Amino acid sequence: MTRIVYLNGDYVPAEEAKISIFDRGFLMADGVYEVTSVLDGKLIDFAGHLARLERSLSELGMEMPMSGEDLLAVHRELVARNGVVEGGVYLQITRGVADRDFLMPEGLAPTVVLFTMSMVLKGSPKAEKGLSVGLAEDLRWARRDIKTVQLLYPSMAKTAAVKAGFDDAWMVEDGAVTEGTSNNAYIVTRDGKIVTRQLSNDILHGITRAAVLKMAAEAQMVVEERAFTVEEAKAAAEAFVTSATTFVMPVVSIDGTVLGDGKPGPIARRLREIYIEESEKLAV
């Protein structure tokens, strides 16, 4: 079946979707994105993704190109047209088309693109096995809280990690873990505390992160939001990452150091169960 995508107000076959070579997203990475997961044909935490989208656009001096209600309608229409039962919807908004210039022009019509992805989310084999993560120096820009499309360095870091035999990489700055290449990072100390880096410009303000921490607190789990070192991570009882399309994903080894018995830990497994259960209830 031909995949239908959304481009600037039209639903078109993917092979017919065209964007100008002068689009600032292509030339300057001048744009933002969101990925909303789909379970049973419904959207997970759409309101959270919408709020973060609005914040990212605001930080770059861009306006929302349509209302939240209209954007939700586009998401739903794409899911329906492409028959997506489980997967995600990718949304990208760029500043628009203009001759190449470092000065950000005003008054451009934004480029709005959405497309769907079908993926196995709930029954991911990686959730049963757990991930191995390597380490990479965090060389990204200092505004990681803005979800921009400039993803070259995380892509380089993940590719290098996979070539080295790992599943992913955790970024390290001044001896402390910031986050994964496309996810927020957590450890569980030997006394059962969940530790994850506090919100700041240093990390992305994960929508799944916010939901999981809320659910952890409701389940009477102790959470500490602070930086943790590589040494702490390697000495942890267990670890995991969160993102829109991986939910809660256990980590079983860090830079070659096996955590616990080398299997997904009980806290990560329980949080994954809770997250999926609650998300399905609230899906739109």
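As the structure is a prediction and not an experimental result, all values here were calculated from the model.

Whenever I open this one, the sheet that holds strand β4 (residues 42-43) confuses me. Can you help?
Within a sheet, neighbouring strands are paired by backbone hydrogen bonds and run either parallel or antiparallel to one another. The strand order across the open sheet formed by six strands is β2-β1-β6-β5-β3-β4, and the pairing between neighbours is antiparallel. Among the strands making up the open sheet, the edge pair consists of β2 (10-13) and β4. When strand β1 (residues 4-7) meets β2, the two strands line up antiparallel, connected through four bridges. The partner of I4 across the bridge, within β2, is P13. Strands β1, β2, β3 (31-39), β4, β5 (86-94) and β6 (111-118) of the sheet are contacted by helix α3 (residues 68-81), whose axis makes an angle of about 40 degrees with β6.

In this structure, what is going on with the packing of aromatic side chains? I would like to understand it.
Aromatic ring pairs are defined here through the distance separating the ring centres and the angle between the ring planes. For the coordinates displayed, the defined rule picks out six aromatic pairs. Ring geometry for Y90 versus F115: centroids 4.8 Å apart, planes at 20 degrees, classification stacked. Here Y90, found in strand β5, pairs with F115, found in strand β6; they are 25 residues apart in sequence, far enough to count as distant. In this structure Y90 comes out as buried when scored by relative accessible area, which is 15%. Judged by relative accessible area, F115 falls into the partly exposed class, the value being 25%. Aromatic side chains F247 and Y275 sit 5.4 Å apart centroid to centroid with 45 degrees between the ring planes, which places their arrangement in the tilted category. Pair noted here: F247 is in strand β15 (residues 247-254) and Y275 is in helix α8 (residues 266-282), with a separation of 28 residues, a long-range link. Ring pairing ties together the aromatic residues Y33, Y90 and F115, which thus form one cluster. Its guanidinium or amino end placed over the ring of Y11, R81 lies 4.3 Å from that ring's centre, counting from NZ or CZ.

Please clarify how empty space enclosed by the protein should be interpreted in this entry.
The gaps of empty space that remain are located by a probe, the size of a water molecule, rolled over the atoms. Counting across every chain of the model gives two cavities of 30 Å³ or more. Taken as a whole, the largest cavity encloses approximately 40 Å³ of empty space. Around the largest cavity sit E34, T36, F46, H49, L50, L53, L71, H75 and L91, which together line it. Counting residues per element, the lining of the largest cavity draws most heavily on helix α2 (residues 46-59), which supplies four residues. Grouping the amino acids of the lining of the largest cavity by side-chain chemistry returns five nonpolar, three polar and one charged. Estimates place the volume of the second largest cavity at around 30 Å³. Every residue lining the second largest cavity is listed: S37, I44, D45, H49, I207, T208, A244 and Y275. Looking at side-chain class alone, the lining of the second largest cavity contains four nonpolar, three polar and one charged residues.

The rules behind each value
Counting from 1, residues in each chain are numbered in the order their sequence is written. At least 70 in pLDDT is required for a residue's local features to be given in this predicted model, at least 80 for side-chain atom pairs to be given and counted, and no such filter applies to totals for whole chains, interfaces and linings, which use all residues. Hydrogens and water molecules were not included; the side-chain quantities draw on all heavy atoms of the structure. At least two bridges found by DSSP between two strands are what make those strands a pair. Numbering of helices and strands runs from the N terminus; a helix is a DSSP stretch of H or I covering at least four residues, while a strand is a stretch of E covering at least two. By the convention used here, residues are in contact when the closest approach between their heavy atoms is within 4.5 Å. As a rule, the C-alpha atoms of each element are fitted with a line to give its axis, helices using only the stretch in contact, and angles between N-to-C directions run from 0 to 180 degrees. Side-chain rings of Phe, Tyr and Trp (the six-membered ring for Trp) are treated as a pair once their centres are within 6.5 Å; stacked means planes under 30 degrees apart, edge-to-face means over 60, and tilted covers the remaining angles. Burial here depends on accessible area, computed with a 1.4 Å probe over protein chains only, as a share of the maximum for the residue type. Under 20% is buried, over 50% is exposed, and the range in between is partly exposed. Charges are assigned to positions over rings by a cutoff of 6 Å between ring centre and Lys NZ or Arg CZ, combined with an angular limit of 35 degrees from the ring normal. Using only the protein atoms, space was sampled on a 1 Å grid; points where a 1.4 Å probe fits but cannot get out form cavities, open sets with protein on both sides within 12 Å along at least five of seven lines form pockets, and lining residues are those with an atom within 4 Å of a point. Grid points are joined across faces, edges and corners, and a volume is the space filled by probe spheres set on the points. Ten residues, namely Ala, Val, Leu, Ile, Met, Phe, Trp, Tyr, Cys and Pro, are considered nonpolar, four, namely Asp, Glu, Lys and Arg, are considered charged, and the remaining ones, Gly among them, are considered polar.

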